[in-house]
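Read off the chains here:
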Amino acid sequence: MANPFSLEGKVALVTGANTGIGQGIAIALAAAGADIAAAGRSEPTETQAAVEGMGRKFLSIKADFSSIEPVQRVVDETVAAFGKVDILVNNAGIIRRADSIEFSEADWDAVMDTNLKVVFFLTQAFAKQALKQGFEGGQAKVINIASLLSFQGGIRVPSYTASKSGLAGLTKILANEWATKGINVNAIAPGYFDTNNTEALRADQDRNAAILARIPAGRWGRPEDIGGAAVFLASSASDYVQGITLPVDGGWLAR
Ligand code: NAP
């Protein structure tokens, strides 16, 4: 029987793959056999070296996801280079921290635009391409990077919580509409991972200790901890999995 987790011959478009969780996912997908198109602002030099080091092809696409302006071009450039695109990982995201009582409109809009609006329209452009190219090689896969704040409220991050809770809902509606069309839409909710996104939390001794005390695994997540879930949701092993937000959180939500 063929390995259901193999991504041989697949093309994955990953946003924000230069660092952190996106880098961990791009490297895991490449290790499972996929070629990688990485779209974002910063040059993904390290990720490129790791992917090419495994004998996979790598394309870097410059794109600023603070607006939907680049979404069609990003899909088109991927298809121009690889002839198709099979997997989309919506990873690029931002967070702004301030008390809700004084949270600014600018911090609301920036987070909602990058974390939710751009994700919707990039996914729409990807899905149109997937429908156009057909599914002879297998189902197309969308993986949204959600958060524990897709389930919980959090504190001092109102636009982030709204965007990630919205993303869990978006994951479900798109799964409902596209499950019969050959496109799986699912999400991963990382717990507390050691990346730029959580630098402020780790720098605060009290918050750091409180977070660690609640994680059953007893440590912060590392970017490589997320790869297995991404490979599963990108592969034919998950063909009958639709609309879920899968926590990868060291047990945080079980507590
Ligand atoms: P990170 O190291 O800050 O990475 C964020 C990525 O998003 C970077 O590649 C960044 O690119 C990209 N990005 C942000 N704004 C962009 C824009 N306007 N245009 C293009 N790219 C942009 O943080 P991370 O933890 O790996 O975050 C990745 C995802 O995981 C995010 O969606 C985040 O919300 C989610 N997440 C993280 C945690 C955690 O504990 N770390 C937990 C739950 C969910 P630049 O380098 O160019 O800024």
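Computed from a prediction, not measured in an experiment: that's the story for all the values here. (Residues numbered from 1 in each chain as written. Predicted model: local features only at pLDDT ≥ 70, side-chain atom pairs only at ≥ 80, totals over all residues. Heavy atoms only, no water.)

**Student:** Looking at this model, I keep getting lost on empty space enclosed by the protein. Mind explaining?
**Tutor:** The gaps of empty space that remain are located by a probe, the size of a water molecule, rolled over the atoms. Applying the stated criterion across every chain yields a total of two cavities of 30 Å³ or more. Taken together, Thr-15, Phe-65, Asn-90, Asn-91, Ala-92, Thr-114, Val-118, Val-119 and Leu-122 form the lining of the largest cavity. Sorting elements by how many residues they give to the lining of the largest cavity places helix 4 (residues 105-133) first, with four residues. For the lining of the largest cavity, a count of residues per class yields five nonpolar, four polar and no charged. Looking at the second largest cavity, its volume works out to about 40 Å³. (1 Å grid on protein atoms, 1.4 Å probe; cavity = no way out; pocket = protein on both sides within 12 Å on 5 of 7 lines; lining within 4 Å. Points joined across faces, edges and corners; volume = space filled by probe spheres on them. Helix = DSSP H or I, 4+ residues; strand = E, 2+ residues; numbered from the N terminus. Nonpolar A, V, L, I, M, F, W, Y, C, P; charged D, E, K, R; others polar.)

**Student:** Where do I start with the site of the ligand in this structure?
**Tutor:** Lining the immediate environment of the ligand, one finds 29 residues, of which Asn-18, Arg-41, Tyr-160, Phe-193 and Thr-195 sit closest. Contact between the ligand and Asp-64: a nitrogen atom at 2.9 Å from a side-chain N or O atom of the residue. Gly-191 is positioned with one of its backbone polar atoms (N or O) 3.2 Å from an oxygen atom of the ligand. Its free accessible area being 880 Å², the ligand has 92% of it covered by the protein chains. Looking at the shell around the ligand, the elements that each hand over two or more residues are helix 1 (20-31) and helix 5 (158-178). (Near = heavy atom within 4 Å. Polar contact = N/O pair within 3.5 Å; in protein donor to acceptor, adjacent residues only side chain to side chain. Areas by Shrake-Rupley, 256 points an atom, 1.4 Å probe, with all protein chains shown as cover.)

**Student:** Looking at this structure, I do not really get the environment of Gly-33. What am I missing?
**Tutor:** Note on placement: Gly-33 falls in the loop between helix 1 and strand 2 (35-40). Overall, the relative accessible area of 2% leaves Gly-33 in the buried class. C-alpha of Gly-33 to C-alpha of Thr-123: the two residues are 90 residues apart in sequence and 22 Å apart in space. Sequence-distant contacts of Gly-33, defined by excluding residues within four places in its chain, comprise Leu-7, Glu-8, Gly-9 and Arg-56. (Buried < 20%, exposed > 50% of the residue type's maximum accessible area, 1.4 Å probe, protein only. Contact = heavy atoms within 4.5 Å.)

**Student:** What is the right way to read the packing of aromatic side chains from this model?
**Tutor:** What describes a pair of aromatic rings is the distance from one ring centre to the other and the angle between the planes of the rings. The full count for this structure, using the stated rule, is four aromatic pairs. The interplanar angle of 45° and the centroid separation of 6.4 Å between the aromatic rings of Phe-5 and Phe-232 together place this pair among those described as tilted. Remark: Phe-232 occurs in helix 8 (residues 227-234) and Phe-5 occurs in the segment before strand 1 (11-15); sequence separation between them is 227 residues. Note on Phe-5: relative accessible area 40%, which makes it partly exposed. Residue Phe-232 is classed as partly exposed on the basis of its relative accessible area of 24%. Ring plane angle 90° and centroid distance 5.7 Å describe the contact between Tyr-192 and Trp-220, whose orientation is recorded as edge-to-face. Of this pair, Tyr-192 sits in the loop between strand 6 (183-190) and helix 6 (199-203) while Trp-220 sits in the loop between helix 7 (205-214) and helix 8; the two residues are 28 residues apart in sequence, bridging distant segments of the chain. Each residue in the set Tyr-192, Trp-220 and Trp-252 is aromatic and connected to the rest through ring pairs, giving one cluster. Positioned above the aromatic ring of Trp-252, the side-chain terminus of Arg-214 is 4.1 Å from the ring centre. (Phe/Tyr/Trp six-rings, centres within 6.5 Å; stacked < 30°, edge-to-face > 60°. Lys NZ or Arg CZ within 6 Å of the ring centre and 35° of its normal.)

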